[in-house]
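Working through the structure, step by step
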Amino acid sequence: MADYQAPLRDMRFVMYEVFNADKRWGQWPATQELVDRETADAFLEEGAKLAARTVAPLNREGDEEGCHWSEEGVTTPKGYKAAYQLYSEAGLTGVAGNPEYGGMGMPKALSAQFDEMFSSASLAFTLYPNLTSGAALAIDAHACEALKSLYLPKLYSGEWAAAMCLTESHSGTDLGIIKTRAQDNGDGSYSITGTKIFITAGEHDLTENIIHLVLAKLPDAPAGPKGISMFLVPKVNVNKDGSLADRNQVQCGSLEHKMGIKASATCVINYDGAKGYLVGEVNKGLNAMFTMMNYERLFVGIQGLGTSEMSYQSALEYALDRVQGRSATGPQQPEKAADPIIVHGDVRRMLLNMKALNEGGRAFSTYVATLLDTAKFSPDETERKQASEQVGLLTPVVKAFLTDIGLESCVSGQQVFGGHGYIREWGQEQLVRDVRIAQIYEGTNGIQALDLLGRKVVMNGGASFKQFAATIRRFIAEGESDEFSAPLEQALAKLETLTNELLSQAANDPNVVNASCNDYLHAFSYVSYAWMWAMMAREAQARLSAAAQEDDFYQAKMITARYFYKRLLPRMEGLLISAASGTETVFELPAEQF
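The paragraphs below set out a description of the structure included in this document. (Residues numbered from 1 in each chain as written. Predicted model: local features only at pLDDT ≥ 70, side-chain atom pairs only at ≥ 80, totals over all residues. Heavy atoms only, no water.)

1. A look at the packing of aromatic side chains
We apply this condition: When two rings of Phe, Tyr or Trp (its six-membered ring) have centres within 6.5 Å they constitute a pair, described as stacked for plane angles under 30 degrees, edge-to-face for angles over 60, and tilted for the intermediate range. Should the NZ of a Lys or the CZ of an Arg lie within 6 Å of a ring centre and within 35 degrees of the ring normal, that charge is described as sitting over the ring.
The tally for this structure, following the rule as stated, stands at 28 aromatic pairs. An aromatic cluster is present here, built from Phe19, Tyr367, Phe465, Phe468, Tyr520, Phe524 and Trp531 joined pairwise through their rings. The aromatic ring of Phe475 is capped on one face by Arg538, whose charged end is 3.8 Å from the ring centroid.

Written out as structure tokens, the structure is:
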């Protein structure tokens, strides 16, 4: 396994040269005093060092050792507690947190780069601090002042951790049928009783307290999702001065035995009259949860990107070093017994697929992050509203496609290694196992596809999609015609035709959405990546034209952009046909004949 190196050059290119994030930060009153390019670069450098030197070396050992349960609690692998402390001391847990409570207030376009770095270094480790950041976001947005003042500083500092507790054994996606109950104690607190499963970081030894955000229902709550409330339930009760009191009635019943991310504690959590506090309004728990869902689903998408970036770095190093066979055009290194396998077309295909999809994914995830920043920080109300609508449209895309492609790329990286990719010591098989979960949690990718086509396209008559398409057309019109303008416009037009066709079909057939949504999401994603690559190529070509000498970085961008358009964008053609083919063949076979 190669030593991880954060792709800082590409991160800076995307943030500063393609999306001009630093200029936006300087224009927004809420960020101009907090962050500039110099500050951001200093954070990036320190984050890259911590990811490469401290966290990445723990990844394989953490997988081998895993977490361990006992009646006293859960222990994480050796080195995790020290690494978590260093991560917290670097300010990364609260990097995007509210400055009023000790956070740093950094924009998501910057913190998204840390999400990628640490997902590359160790996905299992990264889940601990990022669950804390997500929970803090919900508390900041919805909790009362007393709860925010008491809990947020400790969460931002990393002294305490947090977990999100939604799923029950009978209730995964359908949260409306949860059985966990809350009883009003009459003193501002509630008693929470029930069991949650699949709770990432629900119990561990990294911090002295863990704050659970628990979805539960009051006795008189309406049926279904409209009756869900959110409660803050600490593992250890907290006194008014912030000191720890007695242990709450919160226990980890067991740990799940999993395919991957074995160093991440995935817990069954039992609440037996545990003391909790209402976050937000009664019966408005899903509203509070969805406040952080766009951020969390972006993070999950980036998990796919980060893991596949690590796979690419290792596969590339191996392909440059491993000698086997000769180039089809004759020996490239005649002094050796064979040429490095990177001379072979199929190996180059796999590596270029990984490179093009990783860099496209980095641009796309950063773009969605800039939209989140615009929705949060822009002083222009219209701009905030438009950005928020586009976040809603693109969040299921970034979550599902980056994780689907993350698995594909990790499998490709494993394949480059041949038999060694199947052997544990090389690390590629762990990446395949680890990344697999990202397609499942925070809403399975099938649910993301349903959300995109059903809720974000069909239910609003395609309005958000039209805004998305108009943005791409403005980009094409604002620049000089180049080799990517025409194929991008053609791909967009085909996606528009498909969208209109599905809107028409869905008006008469309720099964259209769930039968076509997965193909639609992937077609949508390839067009989105084509747009990202057109933007990157336009910027790279401008830099090459202005430079006194050629620059390898920008040359590589142009070559990879051409590869994406010639080799990867054509994948959408089959998806267009499949998505528009109707529902008959999907539903024709009786269940008993499967």
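2. Notes on the nonpolar core
The condition that has to hold: Among the buried residues, those of types Ala, Val, Leu, Ile, Met, Phe, Trp, Tyr and Cys that are joined through side-chain atoms within 4.5 Å form a nonpolar core. When accessible area is computed with a 1.4 Å probe and restricted to protein chains, residues below 20% of their type maximum are described as buried, those above 50% as exposed, and intermediate ones as partly exposed. By the criteria applied, helices consist of DSSP H or I runs no shorter than four residues and strands consist of E runs no shorter than two, each listed in order from the N terminus. Pairs of residues are marked as contacts when any of their non-hydrogen atoms sit within 4.5 Å.
With 185 residues, the main nonpolar core has Trp25, Met117, Tyr520, Phe524 and Phe564 as its most contacted residues. Looking at this core, the element that brings in the most residues is helix α16 (residues 512-546), giving 20 residues. Those residues in contact with Met117 that lie beyond four places of it in its chain are Tyr4, Ala6, Leu8, Met11, Leu44, Gly47, Ala48 and Ala51. Among the nonpolar cores identified, the runner-up in size contains 12 residues, and Tyr312, Ala319, Val347 and Met350 belong to it.

3. What about the side chain of Glu203?
Applied cut-off: As used in this structure description, the phrase polar contact means that two N or O atoms lie within 3.5 Å; if the pair is within protein, one of them must be able to donate a hydrogen and the other to accept it, and residues adjacent in sequence are counted only when both atoms belong to side chains.
Along the chain, Glu203 falls in the loop between β5 (190-200) and β6 (209-216). For Glu203, a relative accessible area of 5% gives the class buried. A distance of 3.1 Å separates polar atoms of two side chains, one belonging to Glu203 and the other to Lys235. Excluding its chain neighbours within four sequence positions, the residues that come into contact with Glu203 are Gly73, Val74, Ile210, Lys235, Arg247, Cys252, Ala265 and Cys267.

4. Describing helix α18 (residues 571-579)
Rules: Taken from the helix axis, the directions to the C-beta atoms give the arc we talk about.
Of the positions making up α18, those classed as buried are Met572, Leu575, Leu576 and Ala579. What you see down the axis of α18 is that its buried residues fit within an arc of 105°, all on one side. Buried positions along α18 lie against α15 (485-506) and α16.

5. Notes on the side chain of Asp140
To be explicit about the condition: Charge assignment in this entry is limited to Lys and Arg as positive and Asp and Glu as negative, and neither His nor the chain termini are counted. Just to be clear on terms, a salt bridge is a Lys or Arg side-chain nitrogen sitting within 4 Å of an Asp or Glu carboxyl oxygen.
Of note, Asp140 is situated in helix α7 (residues 123-142). Here Asp140 is buried and forms no salt bridge, its nearest opposite-charge partner Lys148 lying at an N-O distance of 4.4 Å. For Asp140, the side chain forms a polar contact with the side chain of Asn98, separated by 3.1 Å. In this structure, Asp140 is in contact with Asn98, Tyr101, Lys148, Leu152 and Tyr156, ignoring residues within four places of it in sequence.

6. A few points about helix α12 (residues 428-435)
Three or four residues apart is the spacing at which side chains of an α-helix point the same way, because the helix has 3.6 residues per turn. In terms of residue burial, α12 counts as a mostly covered element, since eight of its eight residues are buried. Along α12, the residues that are buried comprise Gln428, Glu429, Gln430, Leu431, Val432, Arg433, Asp434 and Val435.

7. A short note on the pattern of salt bridges
Evaluation of the coordinates by the stated rule reveals 31 salt bridges. In this structure, the salt-bridge partner of Arg424 is Glu429, at a minimum N-O distance of 3.9 Å. What makes Glu429 buried here is its relative accessible area of 12%. With its nearest N and O atoms 2.7 Å apart, the salt bridge here joins Glu496 to Arg473. Separated by 23 residues along the polypeptide, Glu496 in helix α15 and Arg473 in helix α14 (residues 463-478) bring together distant segments of the chain. Put simply, Asp10, Glu116, Glu309, Lys355, Glu359, Arg362 and Lys557 are held in one network by salt bridges that share partners.

8. Remarks on the environment of Thr395
Among the secondary structure elements, Thr395 is positioned in helix α11 (residues 381-416). Put simply, Thr395 and Leu452 are 57 residues apart on the chain and 8.5 Å apart in space, counted from C-alpha to C-alpha. Beyond its immediate stretch of four places on either side in the chain, Thr395 contacts Asn294 and Arg297. Looking at Thr395, its side chain comes within polar contact range of the side chain of Asn294, at 3.4 Å. Polar side-chain contacts of Thr395 include one of 2.7 Å to the backbone oxygen of Val391.

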